[in-house]
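Observations on the model geometry
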Amino acid sequence: MAAMPATAPTVDPFLDQVLARHGADASALVQILRDAQARDGWLPPATITYLAARLGVPRARVEGVAGFYAFLYTSPAGRYRVLFADNVVERMAGSEALRERLCTSLWIERGKVSEDGLVSVDTTSCTGMSDQPPSLLVNGRAIAGLDERRVDEIAELVREQVPLDAWPAALFAIDDNVRRRDVLLASDLAPGEALRASIARGQDEALERAGNERSWRERMPALPQGPALTLEEIKHSNLRGRGGAGFMTGLKWEACRTAPGPVRHVVCNADEGEPGTFKDRVLLARHADLVIEGMTVCAYVVGASSGFLYLRAEYEHLLPGLRETLARRRGAGLLGARIAGVPGFDFDIAIHVGAGAYVCGEESALIESLEGKRGIPRNRPPYPVTHGYRQQPTVVNNVETFCAAALVAARGGDWFRSIGTPRSAGTKVLSVAGDCARPGLYEYPFGVTVREVLADCGARDPQAVQVSGPSGICIGAAEFDRRLGFEDLPTAGAFTIFDGSRDMFEVARGYAHFFAHESCGFCTPCRVGTTLLCNAMDKVAEGKGSRHDLARIERLNRLLQASSHCGLGHTACNPVLDTMKRFRPAYERRLCSTQFEPAFDLDGALARARAMTGRDDAGAHLLDESPGAAEAERAR
Amino acid sequence: MSGRESFLLDGTPVPFAPGETVMQAALAAGHYIPHLCYHRDFKPHGSCKVCTVRAGGQTVASCTLPAQPGLEVESATPELEDNRRTLVQMLFVEGNHFCPSCEKSGNCLLQAVAYELGVLSADLDHLFPSRPIDASHPDLLLDFNRCILCELCVRASAEVDGKGVFALSGRGIGKHLIVNAESGRLVDTAIAATDKAVDVCPVGVILRKRVGFAVPIGRRRFDVAPVSAQAKGDAPRPPREKERR
Ligand SMILES: Cc1cc2nc3c(=O)[nH]c(=O)nc-3n(C[C@H](O)[C@H](O)[C@H](O)COP(=O)(O)O)c2cc1C
Ligand code: SF4
Ligand code: SF4
Ligand code: FES
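Residues numbered from 1 in each chain as written. Chains lettered and ligands numbered in written order. Predicted model: local features only at pLDDT ≥ 70, side-chain atom pairs only at ≥ 80, totals over all residues. Heavy atoms only, no water.

**A few points about the overall build of chain B**
When you go through chain B residue by residue, the secondary structure sums to seven helices and nine strands. Principal-axis analysis of the C-alpha atoms gives chain B an extent of 55 × 45 × 40 Å. Within chain B, the proportion of its 245 residues that are buried is 54%. Taking contacts inside chain B between residues at least 6 apart in sequence as the whole, the part at least 24 apart equals 62%. In the form shown here, chain B has an accessible surface area of approximately 10,800 Å², with 53% of it arising from carbon and sulfur atoms. If you average the places of the 28 positive and of the 28 negative side-chain charges in chain B, the two averages end up 5 Å apart. (Helix = DSSP H or I, 4+ residues; strand = E, 2+ residues; numbered from the N terminus. Buried < 20%, exposed > 50% of the residue type's maximum accessible area, 1.4 Å probe, protein only. Contact = heavy atoms within 4.5 Å. Areas by Shrake-Rupley, 256 points an atom, 1.4 Å probe, with all protein chains shown as cover. Lys, Arg positive; Asp, Glu negative; His and termini not counted. Charge placed at Lys NZ, Arg CZ, Asp CG, Glu CD.)

**A closer look at the nonpolar core**
Core analysis: the largest hydrophobic core is formed by 140 residues, its most contacted members being Phe7 and Phe166 of chain B. If one sorts the elements of this core by residue count, helix 19 (residues 524-541) of chain A sits on top with eight residues. Non-local contacts of Phe166 of chain B, meaning those with residues more than four positions away in its chain, are made with Leu142, Cys153, Val154, Ser157, Leu177, Ile178, Val179, Leu186, Ile191, Ala197 and Ile206 of chain B. With 84 residues, the next largest nonpolar core counts Ala270, Val301, Leu322 and Ala425 of chain A among its residues. (Core = buried A, V, L, I, M, F, W, Y, C linked by side-chain atoms within 4.5 Å.)

**Looking at the domain arrangement of chain A**
When the domains of chain A are assigned, the result is domain 1 (13-68), domain 2 (81-175), domain 3 (193-417), domain 4 (427-502), domain 5 (505-588) and domain 6 (602-635). Centre-to-centre separation of domain 1 of chain A and domain 4 of chain A, based on C-alpha positions: 43 Å. (Domains from an automatic or database assignment.)

**Overview of the site of ligand 1**
All names here are of chain A. Lining the immediate environment of ligand 1, one finds 19 residues, of which Gly243, Asn269, Asn397, Asn398 and Thr401 sit closest. Lys252 is positioned with one of its side-chain polar atoms (N or O) 3.1 Å from an oxygen atom of ligand 1. Between ligand 1 and Asn398 there is a distance of 2.7 Å, counted from an oxygen atom to a side-chain nitrogen or oxygen. Burial of ligand 1 by the surrounding chains reaches 88%, relative to a free accessible area of 610 Å². Every element with two or more residues in the shell around ligand 1 is listed here: strand 9 (394-398) and helix 21 (567-571). Among the residues forming the shell around ligand 1, the class breakdown is three nonpolar, 10 polar and six charged. (Near = heavy atom within 4 Å. Polar contact = N/O pair within 3.5 Å; in protein donor to acceptor, adjacent residues only side chain to side chain. Nonpolar A, V, L, I, M, F, W, Y, C, P; charged D, E, K, R; others polar.)

**Section: the interface of chain B and chain A**
Taken together, the contact pairs 42 residues of chain B with 46 residues of chain A. Here chain B meets chain A over a buried area of about 3,500 Å², counting both sides, of which 54% is carbon and sulfur. Ranking the residues of chain B by area buried against chain A places Met90, Arg171 and Glu182 of chain B at the top, with a combined share of 23%. A salt bridge links Asp125 of chain B to Arg552 of chain A, with the shortest nitrogen-to-oxygen separation between them at 3.3 Å. Taken together, the links from chain B to chain A amount to 24 residue pairs in polar contact (both at pLDDT 80 or more). (Buried area = accessible area lost by both parts, 1.4 Å probe. Salt bridge = Lys/Arg side-chain N within 4 Å of Asp/Glu carboxyl O.)

**A look at the packing of aromatic side chains**
Given two aromatic rings, their pairing is described by the distance between the two centres and the angle made by the two planes. Residues and elements named next belong to chain A. A full pass over the atoms with the stated rule returns 12 aromatic pairs over all chains. Measuring from ring centre to ring centre gives 5.0 Å for Tyr300 and Phe345, while their planes differ by 40°; the resulting arrangement is tilted. Residue Tyr300 is found in helix 12 (residues 288-302), and its partner Phe345 is found in the loop between helix 13 (319-331) and strand 8 (348-353); the two are separated by 45 residues along the sequence. By the burial criterion, Tyr300 is buried, and Phe345 matches it. Three or more aromatic residues link up through ring pairs in this structure, and these residues are Tyr80, Trp167 and Phe172. Lying across the ring of Tyr315, Arg312 places its NZ or CZ 5.3 Å from the centre. (Phe/Tyr/Trp six-rings, centres within 6.5 Å; stacked < 30°, edge-to-face > 60°. Lys NZ or Arg CZ within 6 Å of the ring centre and 35° of its normal.)

**Observations regarding the domain arrangement of chain B**
Residues and elements named next belong to chain B. Along its sequence, chain B is organised into domain 1 (5-76) and domain 2 (99-223). One C-alpha centre belongs to domain 1, the other to domain 2; they are set 26 Å apart. Taken together, the contact between domain 1 and domain 2 spans 13 residues of the former and 16 residues of the latter. Interface area, domain 1 with domain 2, both sides summed: about 1,100 Å², of which 68% is carbon and sulfur. Ranking the residues of domain 1 by area buried against domain 2 places Leu36, Phe42 and His45 at the top, with a combined share of 54%. Summed over the shared surface of domain 1 and domain 2, the result is one salt bridge. Lys196 is the partner of Asp41 in a salt bridge, and the nearest nitrogen-oxygen pair spans 2.8 Å. The interface formed by domain 1 and domain 2 holds four residue pairs in polar contact (both at pLDDT 80 or more) in total.

**A look at the site of ligand 3**
The immediate surroundings of ligand 3 are formed by Cys147, Ile148, Leu149, Cys150, Glu151, Cys153, Leu177, Cys201, Pro202, Val203, Val205 and Ile206 of chain B. Here the shell around ligand 3 is built from residues that sort into 11 nonpolar, no polar and one charged.

**Description of a nonpolar patch on the surface**
Taken together, the side chains of Phe600, Leu602, Leu606 and Leu622 of chain A together with Phe128 of chain B present a nonpolar region at the surface, about 470 Å² in accessible area. Following the sequence through the fold, Phe128 of chain B ends up in the loop between helix 3 (109-117) and strand 6 (140-142). (Patch = residues over 30% accessible without salt bridge, like charges linked within 9 Å, V, L, I, M, F, W, Y side chains within 5 Å.)

**Section: the pairing of strand 13 (residues 473-476) of chain A**
One face of the sheet, then the other: side chains in a regular strand alternate in exactly this way. Sheet analysis places strand 12 (residues 462-467) of chain A next to strand 13 of chain A, joined by four bridges and oriented antiparallel. When the sheet's bridge partners are listed, Ala464 of chain A is paired in strand 13 of chain A with Gly476 of chain A. (Pairing = 2+ DSSP bridges.)

**Focus on the sheet that holds strand 2 (residues 119-124) of chain A**
Adjacent strands of a sheet form backbone hydrogen bonds with each other and so pair up, either parallel or antiparallel. All names here are of chain A. Reading across the sheet, the four strands line up as 2-1-3-4 and stay open at both edges, with mixed pairing between neighbours. Whereas interior strands pair on both sides, the edge strands pair on one side only; in this sheet they are strand 2 and strand 4 (141-143). Averaged over all pairs of adjacent strands, the angle between strand axes in this sheet comes to 25°, irrespective of strand direction. Bridge analysis of strand 3 (residues 136-138) against strand 4 gives three bridges, and the strand direction is antiparallel. Residue pairing across strands places Leu136 opposite Ile143, the latter belonging to strand 4. Of the strands in this sheet, strand 1 (80-85) and strand 2 touch helix 6 (residues 95-106), which is tilted by about 170° from strand 2. (Axes fitted to C-alpha atoms, helices over the stretch in contact; angles between N-to-C directions.)

**Things to note about the side chain of Ser157 of chain B**
All names here are of chain B. Tracing the chain through its elements places Ser157 in helix 4 (residues 152-160). For Ser157, a relative accessible area of 0% gives the class buried. Once residues lying within four places of it in the same chain are set aside, the contact partners of Ser157 are Gly162, Lys163, Gly164, Val165, Phe166 and Ala197.

**Points about the pattern of salt bridges**
Any two side chains of opposite charge can pair, so long as their charged atoms come close to each other. Going through the model one piece at a time under the given rule, you end up with 69 salt bridges over all chains. The salt bridge involving Arg482 of chain A is made with Asp488 of chain A; its shortest N-O contact spans 2.8 Å. Judged by its relative accessible area of 29%, Asp488 of chain A is partly exposed. The residue Asp139 of chain B makes a salt bridge to Arg210 of chain B at a minimum N-O spacing of 3.2 Å. Residue Asp139 of chain B is found in the loop between helix 3 and strand 6, and its partner Arg210 of chain B is found in the loop between strand 9 (206-208) and helix 6 (221-224); the two are separated by 71 residues along the sequence.

This is the structure we're talking about:
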């Protein structure tokens, strides 16, 4: 093995403390690296070497994990790291100009660390603040509702090197913007109510149903049937997952419950990375008890003893509130050993904070990340319900799914399925953003039309709506009578509005860059294809595109759909194809008339040679036959 | 073979042993399905996607697809072959591949699969990445320009050599191979020229120094016979043979 370099200290108390906090367990590597980074603002090579040696894993493995996540830095990043959220809604709200303003006032170039190592300004993917753009993160802490005044204030604080904790609290204020409540957002369920209802269900019918149940899983002797009966309610409710795929929640829980294995896990997917969505942020801020209650009900049903809440790094500001909720529930006997007094009902939840990777919202990548690895989606089957965290049976559900499940547990399946439509039971919380007077959270029973939502949020002259974010579907005005629900327009919640002044080509180009940036790189079609798609869109944007490029984009899409490893690659071309179909003129007017135009600029490629030889005469250029070139040549 | 269960590959019955994937069973029966990241000595990985077939109404990687009795698998269709060509072209434009000057030419699986599929040009726009080579090691050379990120060296070094010399870092198009040393140089790792990781690279990244042209071009593995004619050589070894090793 390579010798430890002389620069690495033999003992590093800070890092040892970090390691101890996580039991020196390599499966907590993402958390360890996050904490280790707190000292220097980045992970110097010696830190990586030290951690690897102490954890007893190859150094390259630690470096590989550090290199995967956007918020883990393997090169110095500035003592103040400012990252402007860069999704289309943020740009529409003027984020680019504000970013330039900050760069100018700090005398730095975007993406480069200032020479004194004080500050860097760059961009990051959507931070879940589309209801109050423009927004940014400074050392991981969110600031929303930016304007010139606020940007100047931030510049001043950085220049004066004011520690982040001493920045005015008002800067970090975040609005919840709840605009329309239905059963979920208006819920006044008391902590423990859904759990007690679940347990009581068993007491009522225990005698009838005892006997024909397998006993080992019903390890709560006093109340043997509560879990099975609550599962029946969840199944009966027709609740479907709110995270995108819409899988029947009851079936998922049942599969986990019946999977062999002594230890089961419940994971709440709070990675909410889809550009334009922020509903999980608000649910976790205002309804944390409901989320945790749903997770605990799930643990009761499937017999899980361990739980995780996978919180995206951008939502670090929610941590104090979440920790407080967990502590309060432990105190009230709603988490920990013998929950609600039921012997054997032991369950607790740990919070795992992500480190900047959209793909970690994919459930198997999320589990890899929980295990301290690069967030690469697994080969499936087997699925997490049988082989999840540590290859043990695991339920992964979205934040909103757990909220709805808690309501079902408290009020029953009949009540829930009476809301919404036949194939889409219940309500959906939408993250409404973009061109409208009142962006924010809107909860509707499934079946609501796009037009109704547009009217409620005060959208003027809407041209298009991106339903469910870039991995969803982009619809035009002719389709505004379509209904949200699994029958027609399935949605994970994002509802991004574009008025008549917006250029839909640029919208799609932005989304193409998002997918390329977030591709995990595991499989060839997505790793290379998303970048080729960006390049093709950029070429069209520069006015160099031809019909050939559009045909090539369609071919790329077929390949991505047919052979990508996970949903990211499958949907990466959606925004481009949807807008190409519905807003064709936005593409056509950018094309040059030729059938083919090379992407490679032959003459440009000689620029370095010209610079090196100090030549710029006609002989040092390739012949340009375009009209005007000859004239320019003569004028030289 | 009688009595074994089988699935259909392009209409031909292919017998399989329990636990085998479609790829493993097909190769064992002498049927070639184009592949790059699959290797008979390692657990299938499923990243290159060149082996994608159509089965049960879906397109899936055949190297990770468990064989099932009666499963109907399509592989040699124009649509699937076309997808494979594009995937191979993607790998060519992602790196810097100058076959005529590469000492792996003729032994290179990427080149062989490209010939097999009739890939005549890259067709896509080259990305021209900048990937400096690592010549630090006295016996070995790393030319990252040709890396197709199949992770075979990663798996071999961890599972067979027990050293963990290689790993991947970065993500998306920035994903890249790294070595297990703070200096980032191969010479500072525990690698040896006799390691399995050195042999397993299907392209010209991990090269032994001073033997590049010991076998002249024209007499190399894929000069002798196209890759499709060597399917059986890629089949999983029968367990008995493995034990003897
Ligand atoms: C690239 C990608 C990103 C995803 N991101 C999220 C996410 O942020 N939150 C989420 O709940 N589900 C996300 N999903 C879906 C999850 O894989 C999974 O289906 C979901 O968490 C299951 O929960 P549900 O049944 O409650 O919807 C994502 C899927 C993919 C392919
Ligand atoms: S489709 Fe993209 S994100 Fe998904 S595994 Fe492949 S490279 Fe990774
Ligand atoms: S070096 Fe060779 S074996 Fe390793 S990942 Fe690259 S191509 Fe595969
Ligand atoms: S050989 Fe199957 S994905 Fe590479």
